[in-house]
Amino acid sequence: MKRRISVLLLLLVLCAVLCFPTLAADGEDDEFYIKGETLLKYNGAGGDVVIPDGVTMIYAGAFHDCDGLESIVIPDGVISVSSNAFDGCVNLTEVSIPSSVVVIGVEAFLGCGKLESITIPDGVVEIADGAFADCVALASVDIPPSVKSIRQRVFSGCTNLAHVTIPDGVTSIDSCAFEGCKSLESIFIPGSVTTIGGSAFEGCTGLTSLTISEGVSYIGPFAFAACTGLTEVSVPDSVTDLGGSAFAKCTQLETVWVSKQFADDFEMTYQYVFPDGCELAIRGSTAASAHAVAAPAATIVLAVVGAIAVAAAVIIAVRKYRAEHPKPRRRGSVTVTRRTIDKR
C-alpha cells in the first residue's frame, strides 16, 4: 500500500513538472521574475540592467523604487511599459526604449530625478498621465508624431525641461501637461491642436516665446497663468472659448494681439482672462486698440454700488444715534436736557 502511494506521488510530481514547466523555471528568487512574456518583478541589486529577450510587457511597478538602478536597456519586442514600472528609480540616468514600444503607462517614470534625456520612438502612440512627471533633471524631449494627445501631468514638475517639440498631428494638450516647467523658454503649438487644457503651461516662468497656431479653439482656465516671462501673446481667430484666468499673473504681459471680433466682445466675454495693465491690439492694425485691460466693467459697477451702500448705511446709523442721544441745550449757565416726563 505504501509503495503504491509513493509511486502515485512520484507520478504527480512528474506530471507537475511536465505540464507546468514555467512554475519550475520561474520564481521570485531569480533576478527577473517572468511569467510567460511578462516581466512581473525585478529582484536584482540594480546598476546597469538589460532586460532579457522574449519579454513583451513590463508589468506595473516591476522596478518600483529600485534605488540602485542606474541604466536600463529594454529589448526590442517589448510593446508596453506599464504604469509605475520605473516609478521612484531616483538614480536612473539612462533608458533605452526600442521602436517596438507602443504604450508608456501612467506615471511609468514618475520621480526619476536623475534622468536627463529620453528618446521616445516613433512607434509610441500613448504617453499616459504623469508618465515623466517630476523628472527634475530632464532637459529635452521630442514627442513623436505618432502621439495624438499629450496627457495630463505628463511632464509636470520637470523643472529643468528647456526644450520640447510638439509635432503636427497632436490634437490636444491636456490639463497640467507642462505645469511648473520653469526652464521652458519657447513653445510652438501647431495647428493640429484644438484643445489646450486648464493649467497646461501654468507656472512656466521662463517662457518668453509662445506661438499658438490657427486651429486652437479652446484654451482652458489658467492655461498660461503665472508665465511671468511673457511680454506679448497672439490669440488666434479660431479661439472660441478662452477660460477664466488663462493668462492671469503674467506680470510682464504688455500686449495681446486679437481679432476685431474678440476686441469688440472683450468686456462681456473675456474680462477675467488677462492681467491688469496689458493692452489689446487688433491684428492687422498698426495701433493698439482702445481696450486696456483693467478691472472689468462689471467689477467697477459692483464696487461703486457697494461703496454707495456702505455710505448710506453710515448715514442711517449716524442719524439713528443722534435721535437716540440728542445734544443738551444750554440756557445761560444752566444746562437743560429734554426729557419725557411720565405723569402719573
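Residues numbered from 1 in each chain as written. Predicted model: local features only at pLDDT ≥ 70, side-chain atom pairs only at ≥ 80, totals over all residues. Heavy atoms only, no water.

Trainee: For this particular structure, what's the right way to read the pairing of strand S1 (residues 32-35)?
Mentor: On any regular strand, side chains alternate: one points to one face of the sheet, the next to the other face. Note that S1 and strand S2 (residues 38-42) share four bridges and pair antiparallel. The residue bridging Phe 32 from the neighbouring strand is Tyr 42, located in S2. Hairpin connection, S1 to S2: the antiparallel pair is bridged by two residues, and Gly 36 has positive phi, about 65°. (Pairing = 2+ DSSP bridges. Helix = DSSP H or I, 4+ residues; strand = E, 2+ residues; numbered from the N terminus.)

Trainee: Explain the sheet that holds strand S9 (residues 126-127) here, please?
Mentor: Pairing between the strands of a sheet is mediated by backbone hydrogen bonds and can be parallel or antiparallel. Within the open sheet, the six strands sit side by side as S1-S2-S4-S6-S8-S9. Their pairing is mixed. Two strands lie at the open edges of the sheet, namely S1 and S9, each paired on one side alone. Pairing geometry for S2 and strand S4 (residues 57-58), over two bridges, is parallel. Along S4, the bridge assignment pairs Leu 39 with Ile 58.

Trainee: Can you walk me through the sheet that holds strand S5 (residues 69-73) in this structure?
Mentor: Strand order in the open sheet formed by three strands is S3-S5-S7, with parallel pairing between adjacent strands. The two strands at the open ends of the sheet, each matched to only one other strand, are strand S3 (47-50) and strand S7 (94-96). Averaged over all pairs of adjacent strands, the angle between their axes in this sheet comes to 20°, without regard to strand direction. Strand direction decides the pairing type here: S3 and S5, joined by four bridges, are parallel. (Axes fitted to C-alpha atoms, helices over the stretch in contact; angles between N-to-C directions.)

Trainee: Please clarify how the confidence of the model for the protein should be interpreted in this entry.
Mentor: The share of residues in the protein with pLDDT of 70 or more is 72%, and the mean pLDDT across the chain is 83. pLDDT under 50 marks residues 5-29. Its contacts with residues more than four places away, or in other chains, come to 12 contacts. For residues 330-344, every residue scores under 50 in pLDDT, and the model assigns this stretch nine contacts once sequence neighbours within four places are set aside. (pLDDT = per-residue confidence, 0-100. Contact = heavy atoms within 4.5 Å.)

Trainee: I'm lost on the nonpolar core in this one. Help?
Mentor: If you look at soluble globular proteins, the nonpolar side chains tend to sit buried side by side. In this structure, Phe 63 and Phe 178 are the most contacted members of the largest nonpolar core, which totals 84 residues. Of all elements in the fold, only S1, S2, S5, strand S14 (186-189), strand S16 (209-212), strand S20 (255-258) and helix H3 (260-269) reach the threshold of two or more residues within this core. (Core = buried A, V, L, I, M, F, W, Y, C linked by side-chain atoms within 4.5 Å. Buried < 20%, exposed > 50% of the residue type's maximum accessible area, 1.4 Å probe, protein only.)

Trainee: Honestly, the side chain of Asp 174 in this entry has me stumped. Any pointers?
Mentor: Relative to the helices and strands, Asp 174 is located in the loop between strand S13 (172-173) and S14. Residue Asp 174 is classed as buried on the basis of its relative accessible area of 18%. With near-sequence residues (within four places) excluded, Asp 174 lies in contact with Ser 149, Ile 150, Arg 151, Gln 152, Gly 197 and Ala 200.

Trainee: What exactly am I supposed to notice about the packing of aromatic side chains here?
Mentor: Here the distance between the centres and the angle between the planes together describe a pair of aromatic rings. Within this structure, the stated rule accounts for 12 aromatic pairs. Aromatic pair Tyr 42 and Phe 63: ring centres 4.9 Å apart, planes at 20°, arrangement stacked. Separated by 21 residues along the polypeptide, Tyr 42 in strand S2 and Phe 63 in the loop between S4 and S5 bring together distant segments of the chain. Phe 63 shares its class with Tyr 42; the two are buried. Taking 5.1 Å as the distance between ring centres and 10° as the angle between the ring planes, the aromatic pair formed by Phe 178 and Phe 201 counts as stacked. Taken together, the residues span a long stretch of sequence, with Phe 178 in the loop between S13 and S14 and Phe 201 in the loop between strand S15 (195-196) and S16 at a distance of 23 residues. One exposure class covers both Phe 178 and Phe 201, and it is buried. (Phe/Tyr/Trp six-rings, centres within 6.5 Å; stacked < 30°, edge-to-face > 60°.)

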